[in-house]
Amino acid sequence: LTGVLDDCLCDIESIDDFNTFKIFPKIQKLQERDYFRYYKVNLKRPCPFWADDGHCSIKDCHVEPCPESKIPVGIKAGSSNKYSKAANNSKELEDCEQANKLGAVNSTLSNQSKEAFIDWARYDDSQDHFCELDDERSPDAQYVDLLLNPERYTGYKGPSAWRVWNSIYEENCFKPRSVYRPLNPLAPSRAWGLFVFFSWTGLCLEKRVFYKLISGLHASINLHLCANYLLEENWGKPGWGPNVKEFTRRFDPIETKGEGPRRLKNLYFLYLIELRALSKVAPYFERSVVDLYTGNGHEDAESKALLLEIFRDTKSFRMHFDEKSMFAGDKKGAKSLKEEFRLHFKNISRIMDCVGCDKCRLWGKLQTQGLGTALKILFSEKEIQSLPENSPSKGFQLTRQEIVALVNAFGRLSTSIRELQNFKLLLQQTR
């Protein structure tokens, strides 16, 4: 892969260098911090679109929830960091105020700030969400230590996995008139036959962007699976590592009839979108009122300092995607298209509850929420710029779940691009 990406003025080599030397080492360290390693998720929500295929019985599909005793006290206290109309009654307001004090913000606040929190809790910001959010108060919602449940190849594949991606592409994604994609593995012809013709005719920039985001996410997940593949078991212990043959099958130009490189370019495009979101949301976190609170003051300060350092790096990148080119038409048409965009993506986040492998579902939900949070940021630039320094704002707010998903989702993309460099070296050695 070389050269300039479509729909932006950035070249692949610049992204590789920037990610390798600036972003990747720091985002890895940030993901290891307590604030970002614990993610609360409901893996028992039923699939809303079709009868359950049954869960994956492979042992590597299993997710080990985190014992309550291991979760930092500040994170546990902020678990109900959720805002809705239901928060208008007094008990909910009290809970919400307490959650905000101990969640993503500093607990040492003035009375004026506390009153602002209550006012903020009354505001229903559900229209800003691009994802279907889990109910964190559900008894089925559990904290998961992401470091102990890494994303990797589990053996989950075939009709169930195909059905999820097919539903995303066919029903919930703007796409070219004909797109190269996996066909039904149950079809009588070759098990993983493919469409070849590809045309963007008649597809506007916004819809091209949407399709590329989903394709890029798909490519990134596939890269993770190729890079962390179950190679062999020795004395009953699994061995994980890069699988060049699997990587070639999914991305090689000949194996994929020219489509593999396009998928990888969409990965780079997705990286640029989330990179842009991080640079745009920096003012939200730069305020003194916002604290990555876990209960450990020293660790919290270090985590915020590292996060702000990453933000400075993202802002220093000179070839950002220009989101101002999107939704730039007449106000009525732009608003309608943006809403269509949001609803399509929200539906995709619901499809993640149809994934039969718990570990795949965990990382699918997290990365989808991370991308949804990035979109929410990009469409809230004015609200972010007008945030007051010492109190929350009605216009824009992130829950701890959104913050954790945003950082970890971008961390996965950063890892994907780093792993792609490793595969390039491995391929050179095999020639």
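Residues numbered from 1 in each chain as written. Predicted model: local features only at pLDDT ≥ 70, side-chain atom pairs only at ≥ 80, totals over all residues. Heavy atoms only, no water.

Draft legend 1. Representation of the pattern of salt bridges in the model. Scanning the entire structure with this criterion turns up 16 salt bridges. Residues Glu381 and Lys280 are paired through a salt bridge, measuring 2.6 Å at the closest nitrogen-oxygen approach. Here Glu381 is found in helix H13 (residues 381-385), whereas its partner Lys280 is found in helix H9 (residues 259-286), with 101 residues between them in sequence. With a relative accessible area of 21%, Glu381 lands in the partly exposed category. Judged by relative accessible area, which is 16%, Lys280 ranks as buried. Overlapping salt bridges bring together Lys22, Lys26, Glu309 and Asp313 as one network. (Salt bridge = Lys/Arg side-chain N within 4 Å of Asp/Glu carboxyl O. Helix = DSSP H or I, 4+ residues; strand = E, 2+ residues; numbered from the N terminus. Buried < 20%, exposed > 50% of the residue type's maximum accessible area, 1.4 Å probe, protein only.)

Draft legend 2. Structural detail: the state of the cysteines. Enumeration according to the criterion identifies 1 disulfide in this entry. Across the disulfide, Cys47 is cross-linked to Cys354 (sulfur-sulfur distance 2.0 Å). Its S-S torsion of approximately 75° makes the covalent link between Cys47 and Cys354 right-handed. One end of the pair, Cys47, is in the loop between strand E1 (38-42) and helix H3 (73-77); the other, Cys354, is in the loop between helix H11 (331-351) and helix H12 (358-378), and 307 residues separate them in sequence. We note that Cys47, like Cys354, is buried. (Disulfide = S-S within 2.5 Å.)

Draft legend 3. Broad picture of the UniProt feature "binding site: FAD" (unreviewed entry) in the protein chain. Per the UniProt annotation, the sites labelled "binding site: FAD" (unreviewed entry) are Arg152, Thr154, Trp165, Ser215, His218 and Arg250. Inspection of the secondary structure puts Arg152 in the loop between strand E2 (141-145) and helix H6 (159-171). With near-sequence residues (within four places) excluded, Arg152 lies in contact with Leu225, Asn228, Trp240 and Lys359. Examined against the element boundaries, Arg250 turns out to sit in helix H8 (residues 244-251). Taking relative accessible area as the criterion, Arg250 reaches 16% and is therefore assigned buried. A distance of 2.6 Å separates polar atoms of two side chains, one belonging to Arg250 and the other to Asn222. (UniProt positions renumbered as here; feature names shortened; annotations may be inferred. Contact = heavy atoms within 4.5 Å. Polar contact = N/O pair within 3.5 Å; in protein donor to acceptor, adjacent residues only side chain to side chain.)

Draft legend 4. Seen up close, the UniProt feature "active site" (unreviewed entry) in the protein chain. The feature "active site" (unreviewed entry), as annotated in UniProt, sits at Cys357 and Cys360 in this numbering. Take Cys357: it is sitting in the loop between H11 and H12. Under the relative-accessibility criterion, Cys357 is labelled buried at 0%. With respect to the helices and strands, the residue Cys360 is situated in helix H12.

Draft legend 5. A look at the nonpolar core. One finds Ile15, Tyr271, Leu272, Val281, Phe285 and Leu362 to be the most contacted residues of the largest nonpolar core, which totals 100 residues. When residues of this core are assigned to their parent elements, the largest contribution, 15 residues, is made by H9. Tyr38, Cys66, Ile71 and Ile75 belong to the second-largest nonpolar core, a separate cluster that totals 5 residues. (Core = buried A, V, L, I, M, F, W, Y, C linked by side-chain atoms within 4.5 Å.)

Draft legend 6. Representation of the packing of aromatic side chains in the model. Across all of its chains, the model carries 12 aromatic pairs by this definition. Residues Tyr153 and Tyr229 carry aromatic rings whose centres are separated by 4.1 Å and whose planes lie at 15° to one another, so their mutual orientation is stacked. Residue Tyr153 is located in the loop between E2 and H6, and its partner Tyr229 is located in strand E3 (residues 229-234); the two are separated by 76 residues in the primary sequence. In this structure Tyr153 comes out as buried when scored by relative accessible area, which is 11%. (Phe/Tyr/Trp six-rings, centres within 6.5 Å; stacked < 30°, edge-to-face > 60°.)

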